[in-house]
Amino acid sequence: MNISDSIRYIGVDDLDIDLFEGQYNVPEGMSYNSYLILDEKVAIMDTADGRKGDEWHRNLIAALDGRKPDYLVVHHMEPDHASLVAQTAEEFPSMQIVLSAQAQKMLPQFFEHSDFTGRTRVVKEGDTLPLGRHSLTFISAPMVHWPEVMMSYESEEKVLFAADAFGKFGALCNETDDWACEARRYYFNICGKYGVQVQNVLRKASALDIRTICPLHGPVLGGDLTPYLKLYDTWSRYEAESEGVLVAYASIHGGTAKAAERLGEMLRELGAAKVVVSDLSREDQAEVIEDAFRYPCMVVCASSYDAGVFPPMHDFLYHLQIKNYQNRRVAIVENGSWAPTAGKVMRSMLESMKQIEIVEPVVTLRSRMKESDLPALRAIAEAVLKQG
Ligand code: FEO
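Definitions and cut-offs
- Residues numbered from 1 in each chain as written.
- Predicted model: local features only at pLDDT ≥ 70, side-chain atom pairs only at ≥ 80, totals over all residues.
- Heavy atoms only, no water.
- Helix = DSSP H or I, 4+ residues; strand = E, 2+ residues; numbered from the N terminus.
- Buried < 20%, exposed > 50% of the residue type's maximum accessible area, 1.4 Å probe, protein only.
- Pairing = 2+ DSSP bridges.
- Axes fitted to C-alpha atoms, helices over the stretch in contact; angles between N-to-C directions.
- Patch = residues over 30% accessible without salt bridge, like charges linked within 9 Å, V, L, I, M, F, W, Y side chains within 5 Å.
- Areas by Shrake-Rupley, 256 points an atom, 1.4 Å probe, with all protein chains shown as cover.
- Salt bridge = Lys/Arg side-chain N within 4 Å of Asp/Glu carboxyl O.
- Lys, Arg positive; Asp, Glu negative; His and termini not counted.
- Charge placed at Lys NZ, Arg CZ, Asp CG, Glu CD.
- Expected span 1.5 Å × (residues − 1).
- Contact = heavy atoms within 4.5 Å.

### Here's the deal with unusual backbone geometry
With glycine set apart, most residues show a phi of negative sign, and most peptide bonds adopt trans.
Next, step 1: Note that the residue after Val-144, namely His-145, is joined by a cis bond; omega there is 25 degrees.
Next, step 2: Put simply, Glu-360 and Pro-361 share a cis peptide bond, and its omega is -5 degrees.
Next, step 3: In the Ramachandran plot, Lys-158 falls in the positive-phi region, its phi being about 60 degrees despite a non-glycine side chain.
Next, step 4: If you trace the backbone, Lys-158 turns up in the loop between strand E13 (150–154) and strand E14 (159–161).
Next, step 5: Given the relative accessible area of 21%, Lys-158 is considered partly exposed.

### Considerations on the pairing of strand E12 (residues 135–140)
Next, step 1: Examined bridge by bridge, strand E11 (residues 128–130) and E12 share 3 bridges and lie antiparallel to one another. Within the sheet, the bridge partner assigned to Leu-129 lies in E12 and is Leu-136.
Next, step 2: In this antiparallel pair of consecutive strands, E11 and E12, the connection spans 4 residues, and Gly-132 shows a positive phi of 135 degrees.
Next, step 3: Across 5 bridges, the pairing between E12 and E13 is antiparallel. Along E13, the bridge assignment pairs Thr-137 with Tyr-153.

### Structural notes on the sheet that holds E13
Next, step 1: Pairing within the open sheet is mixed, and its 5 strands lie in the order E11-E12-E13-E14-E15. Among the strands making up the open sheet, the edge pair consists of E11 and strand E15 (212–214). Looking at each pair of strands side by side, their axes are set apart by 20 degrees on average, direction ignored.
Next, step 2: With 3 bridges connecting them, E14 and E15 associate as parallel partners. Paired with Val-159 across the two strands is Thr-212, which belongs to E15.

### Some words on a positive patch on the surface
Next, step 1: On the surface, a cluster of positive charge is contributed by Lys-258, Arg-366, Arg-368 and Lys-370.
Next, step 2: Within the element layout of this structure, Arg-366 appears in the loop between strand E21 (356–365) and helix H12 (374–386).
Next, step 3: On the basis of relative accessibility, which here comes to 42%, the residue Arg-366 falls in the partly exposed class.

### Topic: helix H5 (residues 179–191)
Next, step 1: Over its 13 residues, H5 runs 17 Å from end to end, which matches the ideal 18 Å to within 8%, given 1.5 Å per residue.
Next, step 2: With 12 of 13 residues buried, H5 lies mostly within the body of the structure.
Next, step 3: Those residues of H5 lying buried are Trp-179, Ala-180, Glu-182, Ala-183, Arg-184, Arg-185, Tyr-186, Tyr-187, Phe-188, Asn-189, Ile-190 and Cys-191.
Next, step 4: The inward-facing, buried residues of H5 abut strand E3 (19–20), strand E4 (24–25), strand E5 (30–32), helix H6 (195–206), helix H7 (226–236) and helix H9 (285–294).

In structure tokens:
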């Protein structure tokens, strides 16, 4: 999969990985993208994860076809892309490492035994690197997804090397037409906290004539780029992508689960465009986080536990806090057999987030949902939808 005769793909698929970044399920694997620009000068655009170092090296050597790289451009220092910087620098002693000032500071943190003196070329926003017909202009992209991140724009072929932005979970050999599904889960779980910074980069990108986006994960994006840019704009503004309600529950013995399922049915009966009911104890939390951001409304239902809230719900809300969940309507259902406490904790966690409208009143169940609870559940379902 080459971008052109001059821009070659030298990345690798990883089908052996169980958890990406130590926490995300990737049943379809992961790709670590890397590119090579062949012109009067030769530039390697990022390396790959050391897990696939041998394969990446074979791809590099084959694409070089006897030439030597002049530059290694490091857009991002995270080890899934920069693990092989030191060994590549050692192999090609005349090669310069092109990176941001922040990335330069990180080099000795990752490569204690390497000496990069005289080997680095620090670039900043707007700097250019002529390669011949091709030329790179650097775009600072701090916190998308680390502080040292930069992107680069190649003006001859109008290619944006976008670092982690526009990436997705999944190996390229398992790629499907549905880019958004795993790109959304990737975005909200990995970059979700940094909407403002993503907006800043999108503003800079809007001034460029981009024909192709080369991200560090997932497929190279070409053709009409509008749908991808539009989704990134919606996501980074923390706006809902589509109508619907997420009902997320954490249930110890199944009582709260029954109420959540019943509430889901009520929402469907009332005509909700889409209802997703998720069990926080069993389902992939990253998927549920994705749905929380996808829809404008959420209902959280949880058992009380140790004078607080059942931990799977606490963990979920904690993740929403750190991912900057905001600008949504949320209803609360708590359950408790003697002193319900879940509602208070959930409310307090939600109130610490920006622009969260709590749909009143909090519904309290005692041990099991009973006939007498149905009107309150129905009322909250109506309230969630009415305000939509
Ligand atoms: Fe794909 Fe932030 O590393």
